[in-house]
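Spelled out from the first residue to the last, the chains are:
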Amino acid sequence: MSRSDCEQALAHLHDYLKREITPELAGEIQQHLERCRPCFRHARFEANFLAMLETCAGKEKCPNEVRARIMAMLRAEAGGD
Amino acid sequence: MAEPSAAGRTFDEEALPHLDALYRVALRLTADPTLAEDLVQDTMLKAYRAWRQYRPGTNAKGWLLTILRNTFINDYRRRKHEPIAMDVEAIEPHALYRSIQETDPEGTFFAQIVDEKVLEAVDSLPSDFREVLALSDIEGMSYAEIAGTLQIPVGTVKSRLFRARRQLQSQLYAHAVEMGYIRAREKQP
């Protein structure tokens, strides 16, 4: 495997993990990651970084009182038509 | 309540499932829970009044976020201090991994950082970066959806994301060192 294969994989690592590249390029990178242990480890690290960000979404919900206020506002708005 | 749109889906059915996402993005934009609540409420009212303009079958979440963002820019932005941008170019790409690949190659320290700290670090990014990072990596929107919502080219979404992730990793690294989750890297000669 050549150095440029590693460079290509690293340059597109996040986009690869987010499935935001063409299937052809994704295939090339996947093949590379299967063969290149340093890049595979790097990809696993970046995947854990992205997973950490995803879990943040579950942390914050629209508070119930805000939801209730919005529902009341929409009902008032509908009644005003 | 809400009258059906052309496709027969009501405003409630289309818009209410996205309240949590709207609230989260409002928190990122305002970095203030009270302002975020007001922003979501204003957004929902504007969206309700503009409901006839929504094209059924298109991306309701993106449509709502566009309204939220425009409302923020017009009515809220000046109330908030803009974080100072780091010189992202000074952070070499993949610097975080290179710093800790010997000690924590799997990035287990990511799991040690509490979500509040992660979000705090996200909120300390410049607004252009914070926005794309929240939409992509927290809300799970595609680059194309983000480009449509923010009215910018996909290439711009990508380059902002690249820089945002780089700066975020740099800040998380500093936090993790401070907390003792990882050891600081020896300065290279």
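The structure presented is a predicted model; accordingly, all values stated were derived computationally and were not measured.

**Some thoughts on the overall build of chain B**
Counting its regular elements, chain B contains 10 helices and 0 strands. Taking all contacts inside chain B whose residues are at least 6 apart in sequence as the whole, residues at least 24 apart take part in 72%.

**Considerations on the overall build of chain A**
Across its full length, chain A carries 5 helices and 0 strands. Seen in sequence order, chain A has helices and strands lined up from the N terminus as α-α-α-α-α. Expected size for 81 residues packed as a compact globule is a radius of gyration near 12 Å; at 22 Å, chain A overshoots this value by more than 25%. If you line up chain A on its principal axes, its C-alpha atoms span 70 × 25 × 15 Å. Expressed as a percentage of the 81 residues in chain A, the buried residues total 22%.

**Describing the nonpolar core**
Counting 54 residues, the largest nonpolar core has Leu22, Val25, Ala26, Val40, Leu64, Leu68 and Leu133 of chain B as the members making the most contacts within it. No other element matches helix H2 (residues 19–30) of chain B, which puts 8 residues into this core. Counting only domains with at least three residues in this core, you end up with domain 1 (11–79) and domain 2 (88–179) of chain B. Dropping the residues within four chain positions of it, Leu22 of chain B is found in contact with Val40, Thr43, Leu64, Leu65 and Leu68 of chain B. Membership of the second largest hydrophobic core comes to 7 residues, among which are Leu10, Leu13, Tyr16 and Ile29 of chain A.

**A word on the domain arrangement of chain B**
All names here are of chain B. Taken domain by domain, chain B consists of domain 1 (11–79) and domain 2 (88–179). Listed by partner, the interface residues are 10 residues for domain 1 and 11 residues for domain 2. Contributions of two or more residues to the side of domain 1 that touches domain 2 are made by H2 and helix H4 (60–76). Of the residues forming the side of domain 1 that touches domain 2, the biggest block, 5 residues, is contributed by H2. Of the residues assigned to the side of domain 1 that touches domain 2, the class counts are 5 nonpolar, 3 polar and 2 charged.

**Remarks on the packing of helix H8 (residues 127–138) of chain B against helix H10 (residues 154–179) of chain B**
Residues and elements named next belong to chain B. Between H8 and H10, the least distance of the axes is 8 Å, while the angle of their chain directions is 95°. Taken together, the axes of H8 and H10 are roughly perpendicular relative to one another. Contact residues: Asp128, Phe129, Val132, Leu133 and Ser136 in H8; Val157, Arg160, Leu161, Arg163, Ala164, Arg165, Gln167 and Leu168 in H10. Broken down by class, the residue content of the contact of H8 with H10 amounts to 7 nonpolar, 2 polar and 4 charged.

**So, the interface of chain B and chain A**
With 31 residues of chain B at the contact, the number on the chain A side is 29 residues. When contributions to the side of chain B that touches chain A are tallied by element, the ones reaching two or more residues are H2, helix H3 (33–49), helix H6 (109–112), helix H7 (115–123), H8 and H10 of chain B. Top element by residues in the side of chain B that touches chain A is H3 of chain B. It accounts for 6 residues. Of the residues assigned to the side of chain B that touches chain A, the class counts are 17 nonpolar, 6 polar and 8 charged.

**Let's talk about unusual backbone geometry**
Here the phi dihedral of Arg19 of chain A falls at roughly 55°; this positive angle occurs in a residue that is not glycine. Here Arg19 of chain A is to be found in the loop between helix H2 (13–17) and helix H3 (23–35). Among the residues examined, Arg19 of chain A registers 9 C-beta atoms within 10 Å and is labelled exposed. A positive phi is found at Gln151 of chain B, a non-glycine position, where the angle reads about 60°.

**Re the confidence of the model for chain A**
Confidence in the prediction for chain A averages 91 pLDDT; 96% of positions are at 70 or higher. Least confident of the elements in chain A is helix H1 (residues 3–11) of chain A, whose mean pLDDT is 90; most confident is H3 of chain A, at 96.

**Describing the confidence of the model for chain B**
Residue and element names in this part refer to chain B. For chain B, the average pLDDT comes to 86, and 88% of its residues sit at 70 or higher. Taken element by element, chain B is modelled with least confidence in helix H5 (residues 95–100), mean pLDDT 84, and with most confidence in H3, mean pLDDT 95. The ipTM assigned to the predicted complex is 0.87, against a pTM of 0.85.

**Observations regarding H3 of chain B**
If you check H3 of chain B, its first and last C-alpha atoms are 24 Å apart, about what 17 residues at 1.5 Å a residue would give, namely 24 Å. Every buried residue of H3 of chain B is listed here: Ala36, Glu37, Leu39, Val40, Thr43, Met44 and Ala47 of chain B. All buried residues of H3 of chain B fall inside an arc of 165° around its axis, so they share one side. Exposed and facing more than 90 degrees away from the buried side of H3 of chain B are Thr34 and Arg49 of chain B. For H3 of chain B, the elements touching its buried residues are helix H5 (64–79) of chain A together with helix H1 (11–15), H2 and H4 of chain B.

Reading the values: rules and limits
Residues numbered from 1 in each chain as written. Chains lettered and ligands numbered in written order. Predicted model: local features only at pLDDT ≥ 70, side-chain atom pairs only at ≥ 80, totals over all residues. Helix = DSSP H or I, 4+ residues; strand = E, 2+ residues; numbered from the N terminus. Contact = placed C-beta atoms within 7 Å. Rg over C-alpha atoms; globule rule 2.2 N^0.38 Å. Buried ≥ 20, exposed ≤ 12 C-beta atoms within 10 Å, placed from the backbone. Core = buried A, V, L, I, M, F, W, Y, C linked by C-beta atoms within 7 Å. Domains from an automatic or database assignment. Nonpolar A, V, L, I, M, F, W, Y, C, P; charged D, E, K, R; others polar. Axes fitted to C-alpha atoms, helices over the stretch in contact; angles between N-to-C directions. Parallel < 35°, antiparallel > 145°, perpendicular 65-115°, else oblique. pLDDT = per-residue confidence, 0-100. Expected span 1.5 Å × (residues − 1). Arc of directions from axis to C-beta.

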